[in-house]
Amino acid sequence: MSDENQSPDFDAMTRDIADVPAVEVITTVAVHLMSAAAVNLGLAEEGPEHKDLDEARKLITALAGLVAAGAPEISTYHAAPLKDGLKSLQLAFREASLVPDEPGHGPGEKFTGPVYS
């Protein structure tokens, strides 16, 4: 096997990334964070097998930061579903936690403000 087949083509990868609109990158990253948070909240098919609230807290906080910073840049059309998904995860975290955080202190709430059902 030649070295050419073993190493990635960084020029092609750079061109591919340059062709992707920012809104797609932001929403794709947000969806990955949402999915990972849902799994760590025990909401996947396997349920409690992967439940890890500490990991979920980190992912939800990162998602909240991305959504808060990105929303003005990607329009309401793209931001609204991300905000809805984020709120759902924040509420699911509150329900899953044995000792719920005070309003305003849950995961990501420093970016979104307090989340109520």
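Values in this document were obtained by computation on a predicted structure and should not be read as measured data.

Thresholds, definitions, all that
Residues numbered from 1 in each chain as written. Predicted model: local features only at pLDDT ≥ 70, side-chain atom pairs only at ≥ 80, totals over all residues. Heavy atoms only, no water. Axes fitted to C-alpha atoms, helices over the stretch in contact; angles between N-to-C directions. Helix = DSSP H or I, 4+ residues; strand = E, 2+ residues; numbered from the N terminus. Parallel < 35°, antiparallel > 145°, perpendicular 65-115°, else oblique. Left-handed = near helix turned anticlockwise from the far one by under 90°. Nonpolar A, V, L, I, M, F, W, Y, C, P; charged D, E, K, R; others polar. Salt bridge = Lys/Arg side-chain N within 4 Å of Asp/Glu carboxyl O. Buried < 20%, exposed > 50% of the residue type's maximum accessible area, 1.4 Å probe, protein only. Expected span 1.5 Å × (residues − 1). Contact = heavy atoms within 4.5 Å. Patch = residues over 30% accessible without salt bridge, like charges linked within 9 Å, V, L, I, M, F, W, Y side chains within 5 Å. Areas by Shrake-Rupley, 256 points an atom, 1.4 Å probe, with all protein chains shown as cover. Lys, Arg positive; Asp, Glu negative; His and termini not counted. Charge placed at Lys NZ, Arg CZ, Asp CG, Glu CD. Core = buried A, V, L, I, M, F, W, Y, C linked by side-chain atoms within 4.5 Å.

Draft legend 1. Up close: the packing of helix H3 (residues 22–40) against helix H4 (residues 53–96). Contact geometry for H3 and H4: axes closest at 8 Å, N-to-C directions at 150°. Put simply, H3 runs roughly antiparallel to H4. The element H3 and its partner H4 pack so that their crossing is left-handed. Among the residues forming the contact of H3 with H4, the class breakdown is 21 nonpolar, four polar and one charged.

Draft legend 2. Broad picture of the pattern of salt bridges. The final tally for this structure, using the stated rule, is four salt bridges. Among the ionic pairs, Arg57 bridges to Asp101, the shortest N-O distance being 2.8 Å. Here Arg57, found in helix H4, pairs with Asp101, found in the loop between H4 and helix H5 (109–112); they are 44 residues apart in sequence, far enough to count as distant. Assessed through its relative accessible area of 27%, Arg57 is described here as partly exposed. Asp101 gets classed as partly exposed once you look at its relative accessible area, which sits at 22%. Here Glu109 makes a salt bridge to Arg94, at a shortest N to O gap of 2.8 Å.

Draft legend 3. Layout of H3. Under the 1.5 Å per step criterion, the end-to-end length of H3 is 27 Å for 19 residues, consistent within 8% with the ideal 27 Å. Looking at the buried side of H3, the elements it contacts are H4. Backbone geometry just downstream of H3 places Gly42 in the positive-phi region, at approximately 85°.

Draft legend 4. The arrangement of unusual backbone geometry in detail. The backbone of Ser75 shows a phi angle near 80°, a positive value even though the residue is not glycine. Among the secondary structure elements, Ser75 is positioned in helix H4. Relative accessible area serves as the criterion here: at 35%, Ser75 is assigned to the partly exposed category.

Draft legend 5. Region of the structure containing a negative patch on the surface. A contiguous patch of negative charge, built from Asp9, Asp11, Asp16 and Asp19, is present on the exposed surface. In this structure, Asp16 sits in helix H2 (residues 10–18).

Draft legend 6. Here's a closer look at the nonpolar core. Membership of the largest hydrophobic core comes to 21 residues, with the highest contact counts inside it found for Leu41, Ile60, Leu63, Leu82, Leu86 and Leu89. At the level of elements, H3 and H4 are the ones that each hand at least two residues to this core. If you tally residues by element for this core, the top one is H4, at 14 residues. When residues no more than four places from it in sequence are discounted, the contact partners of Leu41 are Lys51, Leu53, Ala56, Ile60, Leu89, Ala92 and Phe93.

Just geometry here; none of it tells us what the structure is for.
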